[in-house]
Amino acid sequence: MQDKWQDESRFHRYLLGQLSEDEQILVEQEYFASDQSFEQLLALEDELTYRWLSGDLAPAERIGFERRFLSTETGKRHAEFARALESMGAKRYRPRWRPVWAALAAAAMLLFVSAMLFRQNRELRTQLAHVVTPQPITVAFLLTPGLTRGTEELRRIEVPAQADVLRLEMTLRRSVPPGATFRAALHTADGREVWSQGGLSKPIVEVPARILLPDEYDLLLQSVAPTGTVDDLGGYHFALSRR
Amino acid sequence: MRERRNWDLSADAFDRLLAFLDADRERAAEAYEQIRRRLLKFFEWRGSANPEELADRVIDRVARRLMQERELKADNRYVYFHGVALNVLREHWREPGRQAEPIEKAEPVANPHDETARWERLERERLLTVLEECVRKLAPASRDLVVEYHGAGVQIEARKSLAHTLGIPLNALRIRVYRIRAALEVCADRAMKQISETGIPG
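None of these values were measured; they are calculated from a predicted model.

Let's shift gears to the interface of chain A and chain B. Size of an interface, as often reported, equals the accessible area lost when the parts are brought together. On the side of chain B, 75 residues touch chain A, which itself brings 70 residues to the contact. Both sides together, the interface formed by chain A and chain B hides about 6,900 Å², and carbon and sulfur atoms give 58% of it. One can count 10 salt bridges joining chain A with chain B. A salt bridge links Glu47 of chain A to Arg174 of chain B, with the nearest nitrogen and oxygen atoms 3.2 Å apart. At the boundary of chain A and chain B, one finds 20 residue pairs in polar contact (both at pLDDT 80 or more).

Below is the structure:
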């Protein structure tokens, strides 16, 4: 097995289009088969973008990078994001070094303030004990399209009684136009619409659990192109029960 | 000839495709997403300007074969998709008007430091604003790591030194930072989309 350095060098050259066709195919077979290799390539690609922004790539590398990555919309968007992250100056968030005396003074002040707060806190805690707002409990499920009512295979979703929100992620069978949004509508078995939402950036919905009684449901998904064209993406049929 | 698009797949063909990927439907759906992601990157890394369309073609083709042959012999199903993807890529290069697309012949794009090639100022300012918010939402450990990583500079020696300080290999550090940056990008994309749709930041 090749060592890690060789792997990295090969992956690096792959990303810059510097391998022969046969070598490229070997790298591709590797990342199609291995999650680890795929993620390593994604991380290397990401780092190349930052090195390119910093002008750290050799001329041949820079040309290879620009031809390979900046010829697609995805690549351009990623570069813009990287530029923004760099220009934002992550330095702003960096904890600054402080002299020892300043740290000691801060510690003393902290101790004093803590003592004051401790007293107040004890009183407030008694008053607020029963006013704390609980976090909503969300349960998530992945739905696949294509199943229709009446088929034997039916997606069964068991929702805990204490759940507040049902998060449903829908797998798409095909692409949608760039910039399209999604609209989802939930229908009961008798065709009654119980919930709907439009303007979704992803095929993911969060439905209040309280509106869903044990029943069979159809979640109908549509895409809405920037031109306004609506396209049916299919239905996601499932049976919901409570526990 | 233009192929039938992915959305012509029948429910039956799609079910069979999922069954080919895994007997468990939920795991099959995850495998499908993983394969699609790899296909998109494959076509992107091979210099195609429309990776989505080509990835759809591959999926279509495998699904059609499954409908015709019932069973496909593949030691590794992910690698099987790669084989089909290579064929689709080669056919794509041979299509009329596509010959110039292989990256070796592509024109270099504009220099990143050229002001005219950048986004409009307003878009950039919006992106910076949402990104700042996304960074703020990061867990403190992740935020510190990204800050340290960027602060260390891009030179490999600086990164090695940071990896050494953290007691992890350089590759592990790179992947850790990549995951955080990828999460930031998703966060920023989502917020930008929301602004463009509603005019209101998320």
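Read on, since the account is not over.
Turning our eyes to something else, we now look at the pattern of salt bridges. Proximity of charged atoms lets side chains of opposite charge pair with each other. On inspection of all chains with the given rule, the structure shows 26 salt bridges over all chains. Ionic pairing is found between Arg62 of chain A and Glu66 of chain A, a salt bridge with its closest N-O pair at 2.9 Å. One end of the pair is Arg62 of chain A and the other is Glu66 of chain A, both in helix α4 (residues 59-69) and 4 residues apart, which spans about a single turn. Given the relative accessible area of 1%, Glu66 of chain A is considered buried. The closest approach of N and O atoms between Glu91 of chain B and Arg61 of chain B, which form a salt bridge, is 2.8 Å. Taken together, the residues Glu91 of chain B in helix α4 (residues 77-94) and Arg61 of chain B in helix α3 (residues 51-69) connect sequence positions 30 residues apart. According to the relative accessible area criterion, Glu91 of chain B is partly exposed, its value standing at 30%. Take Arg61 of chain B: its relative accessible area is 11%, and that puts it in the buried class. Members of the salt-bridge network, linked through shared partners, are Glu8 and Glu47 of chain A together with Arg159 and Arg174 of chain B.

Below, the discussion takes up the sheet that holds strand β6 (residues 204-208) of chain A. Residues and elements named next belong to chain A. With mixed pairing, the 3 strands of this open sheet are ordered in space as β1-β3-β6. Taken across any chain shown, the strands that pair with only one partner, and hence form the sheet edges, are β1 (138-143) and β6. Between one strand axis and the next, the sheet turns through 20 degrees on average, direction left out of account. Two elements, β1 and strand β3 (residues 165-170), share 6 bridges in a ladder whose sense is parallel. Counted as the bridge partner of Leu143 is Met170 from β3.

Within the secondary structure layout, Leu86 of chain B lies in helix α4. For the pair Leu86 of chain B and Phe43 of chain B, spaced 43 residues apart in the sequence, the C-alpha separation amounts to 9.2 Å. Beyond its immediate stretch of four places on either side in the chain, Leu86 of chain B contacts Glu21, Ile25 and Glu28 of chain A together with Phe42 and Arg46 of chain B.

So, how was this worked out
Residues numbered from 1 in each chain as written. Chains lettered and ligands numbered in written order. Predicted model: local features only at pLDDT ≥ 70, side-chain atom pairs only at ≥ 80, totals over all residues. Heavy atoms only, no water. Contact = heavy atoms within 4.5 Å. Buried area = accessible area lost by both parts, 1.4 Å probe. Salt bridge = Lys/Arg side-chain N within 4 Å of Asp/Glu carboxyl O. Polar contact = N/O pair within 3.5 Å; in protein donor to acceptor, adjacent residues only side chain to side chain. Helix = DSSP H or I, 4+ residues; strand = E, 2+ residues; numbered from the N terminus. Buried < 20%, exposed > 50% of the residue type's maximum accessible area, 1.4 Å probe, protein only. Pairing = 2+ DSSP bridges. Axes fitted to C-alpha atoms, helices over the stretch in contact; angles between N-to-C directions.

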